[in-house]
Each structure stands twice: as C-alpha cells, then as structure tokens.
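Spelled out from the first residue to the last, the chains are:
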Amino acid sequence: MSSIDPIANPQYDKNHVVDQERIANAVREILLAIGEDPKRDGLTKTPERVAKAYAELVAGMRQDPVEVLSTTFDLGHEELVIVRDIRFNSLCEHHMLPFFGNAHIAYIPDESGRITGLSKLARLVDMYARRLQVQERFTTQIADALVEVMHASGVLVVVDAEHLCMSMRGANQPGSRTLTSAVRGQLRKAATRAEAMSLLGY
Ligand code: ZN
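What you see is a predicted model, and the numbers here were worked out from it, not measured in a lab.

Undergrad: Describe the overall build of the chain, and please don't skip the residues or the numbers.
TA: Secondary structure summary: the chain contains 7 helices and 7 strands in total. Put simply, the chain runs from its N terminus to its C terminus through helices and strands in the order α-α-α-β-β-β-β-α-β-α-β-α-β-α. Structurally, the chain occupies a C-alpha span of about 60 × 40 × 30 Å along its principal axes. A total of 202 residues make up the chain; the buried ones form 42% of that total. Sequence separation of 24 or more characterises 70% of the internal contacts of the chain that already satisfy a separation of 6 or more. A total of about 11100 Å² of accessible surface is found on the chain, and carbon and sulfur atoms cover 54% of it. Of the side chains in the chain, 23 bear a positive and 26 a negative charge, and the two mean positions are spaced by 3 Å.

Undergrad: I'd love a proper account of helix 2 (residues 46-57), names of residues and values included.
TA: With 12 residues, helix 2 should cover 16 Å at 1.5 Å per step; its first-to-last C-alpha distance of 16 Å lies within 8% of that length. All of the buried residues along helix 2 are Thr-46, Pro-47, Ala-51 and Ala-55. Tucked inside the fold, the buried residues of helix 2 contact helix 1 (20-33).

Undergrad: For the coordination of the zinc ion, give the residues involved together with the corresponding values.
TA: Metal coordination angles in their ideal form are 109.5 degrees for the four-donor tetrahedron and 90 or 180 degrees for the six-donor octahedron. Coordination of the zinc ion by the protein is provided by Cys-92 (SG), His-95 (ND1) and Cys-165 (SG), with metal-donor distances spanning 2.2 to 2.3 Å. Sequence spacing of the donor residues for the zinc ion, all on one chain, is C-x2-H-x69-C. Residue Cys-92 is found in strand 2 (residues 81-92), and its partner Cys-165 is found in helix 6 (residues 164-167); the two are separated by 73 residues along the sequence. Taking the relative accessible area as the measure of exposure, Cys-92 reaches 5% and is therefore buried.

Undergrad: Can you lay out the nonpolar core for me, pointing to particular residues and giving the numbers?
TA: In this structure, Phe-88, Ile-105, Tyr-107, Leu-124, Phe-138, Ile-142 and Leu-146 are the most contacted members of the largest nonpolar core, which totals 32 residues. Listed by contribution, the elements that provide at least two residues to this core are strand 2, strand 3 (98-108), helix 4 (118-129), helix 5 (135-148) and strand 6 (154-163). At 6 residues, helix 4 tops the list of elements feeding residues into this core.

Undergrad: Could you give an account of the side chain of Thr-116, with specific residues and numbers?
TA: Looking at the secondary structure, you find Thr-116 in strand 4 (residues 114-116). Given the relative accessible area of 6%, Thr-116 is considered buried. Setting aside its immediate chain neighbours within four residues, Thr-116 contacts Leu-69, Thr-71, Thr-72, Phe-73, Tyr-107, Leu-121 and Met-150.

Undergrad: Describe the pattern of salt bridges, naming the residues involved and giving the relevant values.
TA: This model, assessed by the stated rule, comprises 10 salt bridges. Among the salt bridges present, the one from Asp-110 reaches Arg-114, with a minimum N-O distance of 3.5 Å. In this structure Arg-114 comes out as buried when scored by relative accessible area, which is 19%. In this structure, Arg-177 and Asp-160 form a salt bridge, with 2.5 Å as the shortest nitrogen-oxygen distance.

Undergrad: Give a description of the environment of Ala-152 that names residues and reports values.
TA: You can see Ala-152 is positioned in the loop between helix 5 and strand 6. With 74 residues separating them along the chain, Ala-152 and Glu-78 place their C-alpha atoms 9.5 Å apart. Setting aside residues no more than four positions away along its own chain, Ala-152 makes contact with Tyr-107, Ile-108, Pro-109, Asp-110, Leu-146 and Val-147.

Undergrad: So what's going on with the environment of Val-83? Residues and values would help.
TA: Relative to the elements of secondary structure, Val-83 occurs in strand 2. By relative accessible area, which is 11% here, Val-83 ends up buried. Once the C-alpha coordinates of Val-83 and Pro-109 are considered, the two residues, 26 residues apart in sequence, prove to be 13 Å apart. Excluding anything up to four places from it in sequence, Val-83 contacts Ala-103, His-104, Ile-105, Leu-118 and Leu-121.

Cut-off values and rules
Residues numbered from 1 in each chain as written. Predicted model: local features only at pLDDT ≥ 70, side-chain atom pairs only at ≥ 80, totals over all residues. Heavy atoms only, no water. Helix = DSSP H or I, 4+ residues; strand = E, 2+ residues; numbered from the N terminus. Buried < 20%, exposed > 50% of the residue type's maximum accessible area, 1.4 Å probe, protein only. Contact = heavy atoms within 4.5 Å. Areas by Shrake-Rupley, 256 points an atom, 1.4 Å probe, with all protein chains shown as cover. Lys, Arg positive; Asp, Glu negative; His and termini not counted. Charge placed at Lys NZ, Arg CZ, Asp CG, Glu CD. Expected span 1.5 Å × (residues − 1). Donors = N, O, S within 2.8 Å, 3.2 Å for Na, K, Ca; no water. Core = buried A, V, L, I, M, F, W, Y, C linked by side-chain atoms within 4.5 Å. Salt bridge = Lys/Arg side-chain N within 4 Å of Asp/Glu carboxyl O.

Encoded structure:
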C-alpha cells in the first residue's frame, strides 16, 4: 500500500482504546461553556452517553480494509458489478457534525473474476464512515481499497451526502447535497464510465 498518502490518509494506532472518561470530562466543559448546568436532571448522564457514542462513531479507526474484504469468491465474473444505495453516517472532521447519505460502488473484478459480497462492501463503507472524515477522502479510500485489496481492474465510487454543518449552521442550506466521485483503472474509459453512471442513475 505504498501509494497511500499519509496526509490524505491519516494512520491510526489500531491498539488505541478510546478514553471515554476524558471525553466525558470534555463534554462537561462544553456544557458549562454554553451556559448549561451539567447537574440538571436531563444532563447528569449526558457526558458518559456522549463518550460512549463517540467510541462507537469512530470504531472504524481500529479496522482495516484487508480484514473487511477478507472473503471473496472466484466467480470468473469479469463484467461490471454495481452496488447502489449503501447507506452511511459519518462525522465531518471540520465540525464533528454528521454527514450522511448513500455510497454507490461500481467495479470490474480482476482477471480471475474475484468478487465480494454486498455485505462486505457495506462493511467497507461503514468502516471508512466511522472515522472523522471529509467526503472526498472517504470516497477515494473506498475506491483505493477495492484496487489495493481486491485488485479490481476498474472502480467507480460515487458518494451523495448531506452535511449537517451546511444544513444546520453556516450556509444554512437544508437538503443541499454534495456529490463526490473517484474513478480508477478501466472505469476511467469514457464509455465504461458512462455505462456505470447511467446504471447508477446519475
Ligand atoms: Zn463540516
């Protein structure tokens, strides 16, 4: 995986254990800072709840694509495989607010026709979503994993998402969507890419 850019792809310590007590203390500080009373009824357990939620939301930092894509089938299928509408929820790294939507994956298997199951692709998307992300990196990481781990000869990933940092604050544009795509190998050919895009409904 020497092609991975360490800046575009942060590397994580897989043995790190999320320090939930530290998160809870920080959340108590946030509550005080916004003028809330962390001791009032509804909030007494909030810091611990937030800490537990964060541990889940970043669980993908402790996983890698090699484990997730471990099961493949040699079906001798060398044609386009398309999986649409893989739902995901992630956190933008600029505001730590959710962004969510659908990932669509089109790929052409390697010469041996090695394919993977829908559930593995969904797990791959989920793994990269459970990290602090930017949509562009999320999109390219999915594409690169299919090339590097499955040796797919062509990949097209389209991510269609709504960012709460744009909907709830700042630009205040509820419902606006951001589309990103990453194309690798044979899917770079205009005709093949056009076929994939039309099958994806774009
Ligand atoms: Zn953001």
